[in-house]
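# Coordinates in review
Spelled out from the first residue to the last, the chains are:
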Amino acid sequence: MQMHIDKMLAQQIVNTVKDVCGQNVNFIDASGMIYASTDENRIGTFHEIGFQAAQTGTMIEVSENNSFTGTQKGVNLPVYHNNDMVAVIGITGDPQDVKKYAYLA
């Protein structure tokens, strides 16, 4: 059974992670759509690397802004519950600096 994290909880998670790391945070679904974000302009937009991270089940780092559709520099880490991928957490910033926060999230 695949778990779904609703938009309200996802928004609470991204806000909390931003409070800790000071960077913008996105919650991305399996289709690559951002459904919660600390940057409200990004909600409802496609995130190419978030989609790839969801499809491959692996963390993907992006080293340059705008090198992929809807993507900024940062890390994108799939989140699992009971072996099911439920979302991808994306944190904007230098990958070496923000990677630890992605694991925390």
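Shown above is the structure to which this text applies.
How each quantity is defined
- Residues numbered from 1 in each chain as written.
- Predicted model: local features only at pLDDT ≥ 70, side-chain atom pairs only at ≥ 80, totals over all residues.
- Heavy atoms only, no water.
- Phe/Tyr/Trp six-rings, centres within 6.5 Å; stacked < 30°, edge-to-face > 60°.
- Buried < 20%, exposed > 50% of the residue type's maximum accessible area, 1.4 Å probe, protein only.
- Helix = DSSP H or I, 4+ residues; strand = E, 2+ residues; numbered from the N terminus.
- Contact = heavy atoms within 4.5 Å.
- 1 Å grid on protein atoms, 1.4 Å probe; cavity = no way out; pocket = protein on both sides within 12 Å on 5 of 7 lines; lining within 4 Å.
- Points joined across faces, edges and corners; volume = space filled by probe spheres on them.
- Nonpolar A, V, L, I, M, F, W, Y, C, P; charged D, E, K, R; others polar.

### Observations regarding the packing of aromatic side chains
Evaluated as defined, the whole model comprises 2 aromatic pairs. Look at phenylalanine 27 and tyrosine 35: their rings are 5.5 Å apart centre to centre, the planes differ by 90°, and that puts the pair in the edge-to-face class. When the centroid spacing of 6.1 Å and the interplanar angle of 50° are considered together, the rings of phenylalanine 46 and phenylalanine 51 count as tilted. By relative accessible area, phenylalanine 46 is classed as partly exposed at 33%. Assessed through its relative accessible area of 31%, phenylalanine 51 is described here as partly exposed.

### Here's the deal with the side chain of threonine 92
Considering the arrangement of structural elements, one finds threonine 92 in strand S5 (residues 84-92). By relative accessible area, which is 15% here, threonine 92 ends up buried. Beyond its immediate stretch of four places on either side in the chain, threonine 92 contacts Gln23, Asn24, Arg42, Gln72, Lys73, Gly74 and Val98.

### Brief notes about empty space enclosed by the protein
With the rule as written, the count across this model stands at 1 cavity of 30 Å³ or more. Estimates place the volume of the largest cavity at around 50 Å³. If you go around the largest cavity, the residues you meet are Asn26, Arg42, His47, Gln72, Lys73, Gly74, Val75, Asn76, Gly90, Ile91 and Thr92. For the lining of the largest cavity, the residue count by class is 2 nonpolar, 7 polar and 2 charged.

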